[in-house]
Amino acid sequence: MSKVNIVYWSGTGNTEAMANYIAQGVGEAGAEAVLLPVGAASAEDLKNEKAFALGCPSMGAEQLEETEMEPFMCELEKEIAGKQIVLFGSYGWGNQEWMRDWEARIFAAGATVVDGEGIAANYAPDEEVIEACKDAGRTLAGIVK
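Being a predicted model, the structure only gives us computed values, none of them experimental.

Conventions adopted
- Residues numbered from 1 in each chain as written.
- Predicted model: local features only at pLDDT ≥ 70, side-chain atom pairs only at ≥ 80, totals over all residues.
- Heavy atoms only, no water.
- Helix = DSSP H or I, 4+ residues; strand = E, 2+ residues; numbered from the N terminus.
- Buried < 20%, exposed > 50% of the residue type's maximum accessible area, 1.4 Å probe, protein only.
- Contact = heavy atoms within 4.5 Å.
- Salt bridge = Lys/Arg side-chain N within 4 Å of Asp/Glu carboxyl O.
- Expected span 1.5 Å × (residues − 1).
- Polar contact = N/O pair within 3.5 Å; in protein donor to acceptor, adjacent residues only side chain to side chain.

Draft legend 1. Expanded view of the overall build of the protein. The secondary structure content of the protein amounts to 5 helices and 6 strands. Along the protein, from the amino end to the carboxyl end, the secondary structure elements read β-α-β-α-β-α-β-α-β-β-α. For the protein, the spread of C-alpha atoms along the three principal axes comes to 40 × 35 × 25 Å. A buried classification covers 48% of the 145 residues belonging to the protein. Of the contacts made within the protein by residues no fewer than 6 positions apart, 79% connect residues no fewer than 24 positions apart.

Draft legend 2. How the structure looks around the pattern of salt bridges. Throughout the structure, instances matching the rule amount to 7 salt bridges. With a shortest N-O distance of 2.8 Å, glutamate 70 and arginine 105 are connected by a salt bridge. Of the two residues, glutamate 70 sits in helix 3 (residues 69-76) while arginine 105 sits in helix 4 (residues 97-108), which places them 35 residues apart along the sequence. By relative accessible area, glutamate 70 is classed as partly exposed at 24%.

Draft legend 3. Structural view of the side chain of lysine 134. Along the chain, lysine 134 turns up in helix 5 (residues 127-144). When near neighbours in sequence (up to four residues on either side) are disregarded, lysine 134 contacts Tyr21, Gln24, Gly25 and Glu28.

Draft legend 4. Local environment of helix 5. With 18 residues, helix 5 extends 26 Å from end C-alpha to end C-alpha; this agrees with the ideal 26 Å at 1.5 Å per step. Along helix 5, the positions that sit buried rather than exposed are Val129, Ile130, Cys133, Lys134, Ala136, Gly137, Leu140, Ala141, Ile143 and Val144. The inward-facing, buried residues of helix 5 abut strand 1 (3-8), helix 1 (14-28), strand 3 (51-55), strand 4 (84-91) and strand 6 (119-122). Backbone nitrogen of glutamate 128 and a side-chain oxygen of the N-cap are separated by 3.2 Å at the start of helix 5; the cap is aspartate 126.

See the structure below:
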C-alpha cells in the first residue's frame, strides 16, 4: 500500500485536526496516512517521497513555529525539488501572510504546492476547510500510487 507522510506542528489542536482530515482523505483513496508531529520527523523521512503534506499554524508575526518547524524547513528545503506538497495550517489573526510566504519558499526550493496554494483555517477548521483537507488527502494518495 502506498503511504503519504503528513508532518505537522500544532499548538492548539486546530492544525492537528486538519492533519487528521487530510489523513482521512488519504485513507478514503486507498493509501496509508502516516501522521508525524514535526518533532518526530526528519528531512530524511521525506527525501524519497514524491508527495507529502506539511502543516503549521501562523505564529507570532505571521511566521512558522520557530523551535521545531522552522529548523525542519531549513533542513527540508535542500531535499524537496520536484516534490508535490500540500501545505496547511490555522491562524487567528492577520491576512495569511505566513501561508503565502511558505508557498513562495516551497516554490523557490523547486517543489510544487498542490493546487497552487495552502489550506488555511481561521481557528478551527470549518466544513469548507474540512472538505479541502480531505480532498488534498485524496489528491496526495493519487500522486503516490
